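# Commentary on secondary and tertiary structure
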Number of protein chains: 2
Amino acid sequence: MSQTSDIIRGHTETIILSRLLDHDSYGYEINKSIRDLTDGAFEAKEGTLYTAFRRLEQAGYIRSYWGDESSGARRRYYAITDEGRAFYDESCREWQRVKTMIDRLIGTEQA
Amino acid sequence: MSQTSDIIRGHTETIILSRLLDHDSYGYEINKSIRDLTDGAFEAKEGTLYTAFRRLEQAGYIRSYWGDESSGARRRYYAITDEGRAFYDESCREWQRVKTMIDRLIGTEQA
DNA sequence: CAAATTACCTCGCTTGTCAAGGTACTTTTT
DNA sequence: AAAAAGTACCTTGACAAGCGAGGTAATTTG
């Protein structure tokens, strides 16, 4: 496993939810938007992405439905739920806390 | 598993290495220093800690030796190696990058 | 018409975390 | 003096997330 993948772990769900705040989206587009926003540095592997969708749906944080594409491949769209938004907010706060702690731990300002 | 522990994952080794930058230390003390620096918020579970030591030693990032305690329980001390310092430096740079990326992804400044 | 792209999915492996268990000695409390 | 708490180490097995590798099926591009 790469160094990065362990660092992403724990953020995958939050990242996915963040992509759904404004509008419903589907796997391929979400993944593309993650890649674009990070200039290609991050990218959820497909296995990771789809298992995360299952988890999030099972937890009630997202809903899914098939889009009615008249052309092109079928798409499964995802929508964030109220519970999902609440979880997202809490995750963001958690991230802020953890960020501070890690900075304190590995930073140059040592005790 | 808690939400937090998945976020810490990937930083455990860096955190341990950071505790060894100034002086050699041993498991119990390292753990205590992590707890103190984070006001009790973080704490490496023993299983996590000791498996991490094995990994780091196997990778050549730390060396270990038994302290010669005249009283009290025996202690296995750890010392960071040159390779360990290099890895630590790289991990810190990685952390800065990741921090920026995650902030960009889950932050309020969305694309 | 082949290749690339869009778009979905599953299976099995690997790896790090952690609960739970253990050992052994010292210090503090009752 | 016995019990409890603290210091200090360690291992084992289960679990969960990431991911490589495989698959399907349609459309678009060269």
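Quick look at the structure, then. Positions within a chain are numbered from 1, following the residues in the order the chain's sequence is written. All chains are assigned letters beginning with A, and all ligands numbers beginning with 1, in the order in which they are written. Predicted model: local features are reported for residues with pLDDT of at least 70 only, side-chain atom pairs are reported and counted for 80 or more only, and whole-chain, interface and lining totals are derived from all residues. Hydrogen atoms and water are omitted, and side-chain values are computed over all heavy atoms in the structure.

## Brief notes about the packing of helix H2 (residues 12-19) of chain A against helix H5 (residues 82-106) of chain A
A pair of packed helices can be characterised by two numbers: the angle between their axes and the separation between those axes. Residue and element names in this part refer to chain A. Orientation of H2 relative to H5, taken along the N-to-C sense of each, is 125 degrees, at an axis distance of 10 Å. Classified by the angle their axes make, H2 and H5 are oblique. Relative to H5, H2 is oriented so that their crossing is left-handed. Between H2, through Glu-13, Thr-14, Leu-17 and Ser-18, and H5, the contact on the second element is made entirely by Gly-84, Phe-87, Tyr-88 and Ser-91. Interaxial angles span 0 to 180 degrees and are taken between N-to-C directions of axes, which are lines fitted to C-alpha atoms, for helices over the stretch in contact. To qualify as a helix, a DSSP run of H or I must reach at least 4 residues; to qualify as a strand, a run of E must reach at least 2; elements of each kind are numbered from the N terminus. Angle categories: roughly parallel below 35 degrees, roughly antiparallel above 145, roughly perpendicular from 65 to 115, and oblique for all the rest. The hand of a helix crossing depends on one turn: near helix anticlockwise from the far one by less than a right angle means left-handed, and clockwise means right-handed. Only heavy atoms matter for contacts: two residues are in contact if any of them lie within 4.5 Å across the pair.

## Quick word on the protein's contact with DNA strand C
As a structural note, the neighbourhood of DNA strand C is formed by 24 residues, with Tyr-28, Arg-75 and Arg-76 of chain A together with Arg-9 and Thr-12 of chain B the closest of them. Nearness is defined per residue: one heavy atom within 4 Å of the molecule or strand is enough. Restricting the count to atoms of DNA strand C within 4 Å of the protein gives a sugar and phosphate share of 74%. The contact in question runs from a phosphate oxygen of DNA strand C to an N or O atom on the backbone of Tyr-28 of chain A, over 2.6 Å. Throughout this description, a polar contact denotes any pair of N or O atoms lying within 3.5 Å of each other; where both atoms belong to protein, one of them has to be capable of donating a hydrogen while the other can accept it, and for residues adjacent in sequence the pair is counted only when both atoms sit in side chains. Residue Thr-48 of chain B places a side-chain N or O atom 3.0 Å away from a phosphate oxygen belonging to DNA strand C. Elements with a contribution of two residues or more to the surface near DNA strand C: helix H3 (27-37), helix H4 (46-58) and strand E3 (76-80) of chain A together with helix H4 (46-58) of chain B. Classes in brief: Ala, Val, Leu, Ile, Met, Phe, Trp, Tyr, Cys and Pro nonpolar; Asp, Glu, Lys and Arg charged; the others, Gly included, polar. Per-class residue counts for the surface near DNA strand C are seven nonpolar, eight polar and nine charged.

## Examining the interface of chain A and chain B
Between chain A and chain B, the residue contacts involve 37 residues of the former and 38 residues of the latter. Of the roughly 3,700 Å² buried between chain A and chain B, counting both surfaces, carbon and sulfur atoms make up 61%. Summed over both partners, buried area is the accessible surface (1.4 Å probe) that two parts give up on being assembled. On the chain A side of the contact with chain B, Trp-95, Leu-105 and Ile-106 of chain A bury the most area, a combined 20% of that side's loss. A pair is scored as a salt bridge if a Lys or Arg side-chain nitrogen falls within 4 Å of a carboxyl oxygen belonging to Asp or Glu. Counting across the chain A and chain B interface gives six salt bridges. Measuring nitrogen to oxygen at the nearest pair gives 3.1 Å for the salt bridge that ties Arg-9 of chain A to Asp-6 of chain B. Summed over the shared surface of chain A and chain B, the number is 17 residue pairs in polar contact (both at pLDDT 80 or more). Here the residues of the side of chain A that touches chain B sort into 17 nonpolar, eleven polar and nine charged.

## Side note on unusual backbone geometry
Residue and element names in this part refer to chain A. A positive phi angle, near 55 degrees, is found at Asp-39, a position not held by glycine. For Asp-39, the location among the structural elements is in the loop between H3 and H4. Exposure classes here rest on a 1.4 Å probe applied to the protein chains alone. A residue is buried below 20% of its type maximum, exposed above 50%, and partly exposed in between. With a relative accessible area of 62%, Asp-39 lands in the exposed category.

## Concerning the relation of the copies chain A and chain B
Expressed as a screw transformation, the operator carrying chain A onto chain B has a rotation angle of 180 degrees and an axial translation of 0.2 Å, and the superposed copies differ by an RMSD of 0.2 Å. Here the transformation between the copies is reduced to the relation of a two-fold axis. To superpose the copies, least squares is applied to the C-alpha atoms of every residue with a pLDDT of at least 70 in both.

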